[in-house]
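A look at the structure
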Amino acid sequence: MNHTNVSEYDDNEIVNLSNNPHISTVLAARLSRRGALRGGVGAATAALLGGTGLSACGGSDDEAPAPAPAPAPAPAKFNFAAVAKTNADRVSVPDEYQISILHALGDPMHFGDASWKDDGSETAESYERRIGDGHDGMYYFGMSDDGKFDVNRSDRGLLCVNHEYVVAPYGLHPAGSTKVDGKRPAEEIQKEIYAHGVSVVEVRRKAGSNDMEMVRGSRYNRRVHSATPMDMGGPAAGSPGLVTKLSPNGREAFGMNNNCASGYTPWGTYLTCEENYLNVMGRAAGDDAARSAAEIAAFKRYGLPQGRANPYGWDTVEGETYQRWNSKVSGASAAEDYRNVFNSFGWVVEIDPFQPASKPVKRSSLGRFNHEGAWPAPAKAGEPIVIYSGDDARGEYVFKFVSDAKWDPKDVNGGTAAGAKYLDKGTLYVAKFNNDGTGEWLELTHGKNGLDSSNALYPFADQGDVVMFCRLAADSRGATKMDRPEWGGVNPLNNEVYMTMTNNSQRTAATLNAANPRVGNTNGHIIRWREDGSQGATKFNWDVFLFGAREDGKQSENLSGLTAGNDFSSPDGLYFDQRNGNAGGLLWIQTDDGSYTDVTNCMMLAAIPGKVGDGGPVTTKEGQATFMGAKPTEANVRRFLVGPFDCEITGVDVTPDGKTLFFNVQHPGEGPADFAAKTFTSYWPGNQAPASDTAHSGHKRPRSATVVVTRIDGGTIGI
């Protein structure tokens, strides 16, 4: 994600000072060429719900004839021309497509609150019922007529959208954020607290159209934000490190912050992930004197040294509401202050969108770090639930969680009770990439492999400590340092896993190797791997799917041979299409870039992926040998849209019938602003919404928003 001048937190700061090998030291080798599984995503959808075939029954002892094999789907083929690169202040889509604005910052979700006024005059209190800021990860849940999760429903559903951070904040306050004598106004802070988190809204198709609209006033419409009470689940619940004045027993947390990417469960709940929560945390000068050596080591490893100011200034006002944003020792015990509040952030949070009165739960078994997302493998009856995560910072790790419980399709619509069954008990792993092109998942379990109270990096008392400080546990196990692992996804056709490595401009000739073969990797790349057997396996093979680059190779070398119709920089968002038919497994790639913006705004591409090992060896201009996937052409990687000025394109989902696509535009126009003159570097979406869209048309202030894409002829998206 990009940060605005509101934040002093540098998400590129390296806090992993371990001696573990960086991926830049790994030598790739030729990978095995085992064939990928074949078939349509119909099977993958059944796997999502754990469906299994039934045996034929008859009145004789003769075996029933084997059913004829289903015809293979036609080869996937794009139904759009590549969109040209552009710096226009609008969303550009193919000629056959159209867009509408579903909702934007400040839109009221219920009746009784006035429409957004374009001047920042809305009250803080009203933001408990308004769409939040910084739209990011999302997921669409189809909903049946009786209000249950329905994986096949396309015309009605619940859309969950993350609100990662407050942008500048141009929309929230009359003249942006202010500070007087070093203190922020309480009303501004409260508005920002409510503008973070998640919006859950009911959406329905408009009559005679594939376009969607938010159902204002729906009983399902809900905000979960930085002050919402939540339960702690898993091994960290009740840990001494989570005891605060608000939660003396360490079993509750209050609010979630900087929710970036997301995930979903096969039982129908939303997984939202806390990433750059350092944006809202401070720690007093001299605080180390009141801390143990272990606490100091943990604060250092997670990037919160003593004397660090709270970037948003949320702790500059007196009172419990605001002082809890500083993780300092001020009382006689942890139950009398907020010394441990920092440890309550950095988790995966489960929300049941179908039960608006339900309490969210932070699932600690999945570990605590800069959670970019939580991406599940397709669920299979009788097998564990498997979820992948990336720790978005330079030099951090890739994680995998494997549940103890085996998936039972009867748990669909089980809510957070099913979450407790599958997400509170299991094994957390961290990835190690070996120099022969293989990899292994290193177990992070207390009492094994030196993860105990005698550990030299941190004295892990129990599994609660291991998951709370899993960066230190991963350091101890010798995991491989990665270059900002961001979004991931699992191909439903063959279960191969993809993850974006956004960029690393600090790459030098001295650190080149097969996995990172370009000096100054300004444009990033996408890594993929294939598990050795089931998804819960502890071995895997890997290669590089695509290297981002300008078509002219003026920054990072254009190893993948990208062209004007598919070149990109800084891959960030990534999502595998789950629909039926030959569109299954279509890969959507989104960018969050600062290196190619002289030529183009951020974008979204569609890709028809191959399989691990479908490429071969190449050598960079520096003489570094490497291995990568098959070079793409515009027939299998193509630019689908370009966003407005200054934005990030993020969050994507497609309805099961493939006729409606959602994506988010985050922080358009985040450059310098003149509030009095109403001049901004972007005027989107007000400059693109038609006059009939009175909620968005004509407004000057740029706003993050969720966009709906449909084909003009009513056909399917992309394929």
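Preceding this paragraph is the structure being described.
Residues numbered from 1 in each chain as written. Predicted model: local features only at pLDDT ≥ 70, side-chain atom pairs only at ≥ 80, totals over all residues. Heavy atoms only, no water.

Helices and strands together make up the secondary structure of the protein, namely seven helices and 32 strands. Taken over 719 residues, the protein has a buried fraction of 63%. Of the contacts made within the protein by residues no fewer than 6 positions apart, 69% connect residues no fewer than 24 positions apart. Per element, the accessible surface of the protein, about 24000 Å² overall, is 50% carbon and sulfur. (Helix = DSSP H or I, 4+ residues; strand = E, 2+ residues; numbered from the N terminus. Buried < 20%, exposed > 50% of the residue type's maximum accessible area, 1.4 Å probe, protein only. Contact = heavy atoms within 4.5 Å. Areas by Shrake-Rupley, 256 points an atom, 1.4 Å probe, with all protein chains shown as cover.)

Quick look at the state of the cysteines now. For the structure shown, the criterion picks out zero disulfides. The thiol of Cys260 is not disulfide-bonded; the next cysteine sulfur, from Cys273, is found 8.6 Å away. In this structure Cys260 comes out as buried when scored by relative accessible area, which is 1%. Not engaged in a disulfide, the cysteine Cys647 finds its nearest cysteine sulfur in Cys602; these two sulfurs lie 5.5 Å apart. (Disulfide = S-S within 2.5 Å.)

Turning our attention to the packing of aromatic side chains. All chains considered together, the criterion is met by 37 aromatic pairs. Look at Phe80 and Phe640: their rings are 5.1 Å apart centre to centre, the planes differ by 80 degrees, and that puts the pair in the edge-to-face class. A residue pair is termed long-range when its members are at least 10 positions apart, and Phe80 in the loop between helix H1 (41-48) and strand E1 (97-104) and Phe640 in strand E29 (residues 637-642) qualify at 560 residues. The class for Phe80 is buried, based on a relative accessible area of 3%. According to the relative accessible area criterion, Phe640 is buried, its value standing at 0%. For the pair Phe149 and Phe354, a centre-to-centre distance of 6.1 Å together with 50 degrees between the ring planes defines the contact as tilted. Of this pair, Phe149 sits in the loop between strand E2 (135-142) and strand E3 (156-163) while Phe354 sits in the loop between strand E11 (348-351) and strand E12 (361-363), and the two are 205 residues apart along the sequence. Comparing Phe149 with Phe354, the two get one shared label, buried. Among the aromatic residues, ring-to-ring pairing joins Tyr139, Phe141, Phe149, Tyr264, Tyr270 and Phe354 into one connected group. When the ring centre of Phe80 is taken as reference, the NZ or CZ atom of Arg638 above it lies at 5.7 Å. (Phe/Tyr/Trp six-rings, centres within 6.5 Å; stacked < 30°, edge-to-face > 60°. Lys NZ or Arg CZ within 6 Å of the ring centre and 35° of its normal.)

With that settled, consider the layout of surface pockets. Quantified by volume, the second largest pocket comes out at close to 420 Å³. Lining the second largest pocket are 19 residues; nearest its centre among them are Ile101, Leu102, Asp693, Ala695 and His696. At the level of elements, E1 and strand E5 (212-214) are the ones that each hand at least two residues to the lining of the second largest pocket. Considering every element that reaches the lining of the second largest pocket, the biggest residue donor is E1, with four residues. Looking at the lining of the second largest pocket residue by residue, the class counts come to nine nonpolar, five polar and five charged. (1 Å grid on protein atoms, 1.4 Å probe; cavity = no way out; pocket = protein on both sides within 12 Å on 5 of 7 lines; lining within 4 Å. Points joined across faces, edges and corners; volume = space filled by probe spheres on them. Nonpolar A, V, L, I, M, F, W, Y, C, P; charged D, E, K, R; others polar.)

What follows is about the side chain of Ser389. Note that Ser389 resides in strand E14 (residues 384-390). Taking the relative accessible area as the measure of exposure, Ser389 reaches 3% and is therefore buried. Within the structure, Ser389 has its side chain in polar contact with the backbone oxygen of Gly373 (distance 3.1 Å). With residues up to four places along the chain from it excluded, the contact list for Ser389 reads Phe369, His371, Gly373, Ala374, Trp375, Tyr397, Val398, Phe399 and Met499. (Polar contact = N/O pair within 3.5 Å; in protein donor to acceptor, adjacent residues only side chain to side chain.)

Attention shifts here to the packing of helix H3 (residues 293-301) against helix H7 (residues 470-477). Running from N to C, H3 and H7 point in directions that differ by 90 degrees, and their axes come no closer than 9 Å. The orientation of H3 relative to H7 falls into the category roughly perpendicular. Here Ala297, Ala298 and Arg301 of H3 come into contact with H7, specifically with Arg471, Leu472 and Asp475. Among the residues making up the contact of H3 with H7, the classes are represented as three nonpolar, no polar and three charged. (Axes fitted to C-alpha atoms, helices over the stretch in contact; angles between N-to-C directions. Parallel < 35°, antiparallel > 145°, perpendicular 65-115°, else oblique.)

With antiparallel pairing, the four strands of this open sheet are ordered in space as E1-E32-E31-E30. Two strands in the sheet have a free side with no partner beyond their single neighbour: E1 and strand E30 (648-654). On average, adjacent strands in this sheet sit at an angle of 25 degrees to one another, irrespective of strand direction. In this structure, E1 lies alongside strand E32 (residues 705-711), joined through seven bridges in antiparallel fashion. By the bridge assignment for E32, Ile101 is matched with Val707. (Pairing = 2+ DSSP bridges.)

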